[in-house]
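A look at the structure
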Amino acid sequence: MSLIAGVCILLSIDLIASSIYLEPLKSSPIFYFFVLSALLFFFIFFYLIKGHKIERIHLAWLTYLLLISIVEEFAFRMLLPFLLSGAFGMMAAVLFSNFLFASIHYVTLRWKFINCFFAFVGGLGLSKLLESNGDITILILVHYFFTFLNTPLPPERRYLSL
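All of the points below concern the structure found in this document. Just so it is clear, the structure is predicted and the values come from calculations on it, not from any experiment. (Residues numbered from 1 in each chain as written. Predicted model: local features only at pLDDT ≥ 70, side-chain atom pairs only at ≥ 80, totals over all residues. Heavy atoms only, no water.)

**Examining the overall build of the chain**
Which entries qualify depends on this criterion: The numbering of helices and of strands both runs from the N terminus, where a helix is a DSSP run of H or I of at least 4 residues and a strand a run of E of at least 2. Only protein chains enter the accessibility calculation, which uses a 1.4 Å probe. A residue is then buried if its area is under 20% of the maximum for its type, exposed if over 50%, and partly exposed in between. Any two residues having at least one pair of non-hydrogen atoms within 4.5 Å are treated as being in contact. A 1.4 Å probe and the Shrake-Rupley method give the accessible areas. Residues count as covered only by the protein chains that appear here.
Secondary structure assignment for the chain yields 8 helices and 0 strands. Shown N-terminal to C-terminal, the secondary structure of the chain runs as helices and strands in the order α-α-α-α-α-α-α-α. Expressed as a percentage of the 162 residues in the chain, the buried residues total 35%. Put simply, 72% of the contacts in the chain that link residues at least 6 apart link residues at least 24 apart. As displayed, the chain offers around 10300 Å² of accessible surface, 73% of which is attributable to carbon and sulfur atoms.

Now the structure itself:
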C-alpha cells in the first residue's frame, strides 16, 4: 500500500499543491484544528472509559492512524482515480482504486472478505463524499475516526521466549 501511495504522491506533487480539494483546509485551518482536537479528545476519552492507561504507545498509535488516513485518502480517493481517469474514465478509475484499496487490506492485513467488502463500499462512500463536497480533509478525518473505531489499540507486542 505504501508503494502505491508513494508513487501516486510522487507523480502528483504539483496536483496536490494546487488541488481544489485542499482549498477548504487552506481557507479554514482553525476549524480543522478544532475538529482534529475534538477527535483526539474523543479517542483519549474512549481509552479512559475502557480502562486503558494512556501510554506513549497509544499516542504513537493515534499518530500512525492519522498518517495512514492522510496517505490512503490522498492516494486512493484523490490521486489514483485522477491518474487513471484519462485512460479509463472517472467511474472505472474510482471503482478500480477502491477495489485495489480493499484488496490490499485483504492481502496485507488478512481481513475476512466481508470486512474487505465493507472497506470497498466505505471507500466508494468516501469517493462520493469527495466528489460532492470537494474537501479531502473531511475525508481524512472521517477515515481517521472509523479506522480508530475499527482498531482502537495497537497490535499486541509479542516477545519470543528464548
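**What about a nonpolar patch on the surface?**
Put simply, the rule reads: Candidate patch residues must exceed 30% relative accessible area and have no salt bridge, after which like charges are joined if within 9 Å and Val, Leu, Ile, Met, Phe, Trp or Tyr side chains if within 5 Å. The rule for a salt bridge is simple: a side-chain nitrogen of Lys or Arg has to be within 4 Å of a carboxyl oxygen of Asp or Glu.
Nonpolar side chains collect at one region of the surface, where Tyr106, Val107, Phe113, Ile114, Phe117, Phe118 and Val121 lie side by side and expose about 750 Å² of accessible area between them. Counting only elements with at least two residues in the nonpolar patch, the list comes to helix 6 (90-109) and helix 7 (113-133). In terms of residue count, the dominant contributor to the nonpolar patch is helix 7 (5 residues).

**Thoughts on helix 4 (residues 29-49)**
Note the following rule: Multiply 1.5 Å by the residue count of a helix minus one, and that product is the helix's expected span.
Over its 21 residues, helix 4 runs 30 Å from end to end, which matches the ideal 30 Å to within 8%, given 1.5 Å per residue. As for helix 4, its buried residues are in contact with helix 3 (23-27), helix 5 (56-88) and helix 8 (136-150). Just beyond helix 4, the residue with positive phi is Gly51, at close to 85 degrees.

**As for the packing of aromatic side chains**
As a reminder of what qualifies: Between rings of Phe, Tyr and Trp, where Trp is taken as its six-membered ring, a pair exists when centres lie within 6.5 Å; planes separated by under 30 degrees are stacked, by over 60 edge-to-face, and by other angles tilted. Two conditions define a charge located above a ring, namely a distance within 6 Å from the ring centre to NZ of Lys or CZ of Arg, and an angle within 35 degrees of the ring normal.
Scanning the model with the defined rule gives 13 aromatic pairs in all. Each ring, one from Tyr47 and one from Phe148, has its centre 5.7 Å from the other, and the planes form 70 degrees; the classification is edge-to-face. Taken together, the residues Tyr47 in helix 4 and Phe148 in helix 8 connect sequence positions 101 residues apart. On the basis of relative accessibility, which here comes to 0%, the residue Phe148 falls in the buried class. Linked through ring pairs, Phe42, Phe43, Phe46, Tyr47, Tyr144, Phe145, Phe146 and Phe148 together constitute an aromatic cluster. Over the aromatic face of Phe101 sits the side chain of Arg77, whose NZ or CZ is 4.4 Å from the ring centroid.

Keep in mind that these numbers describe shape and distance, not what the molecule does.
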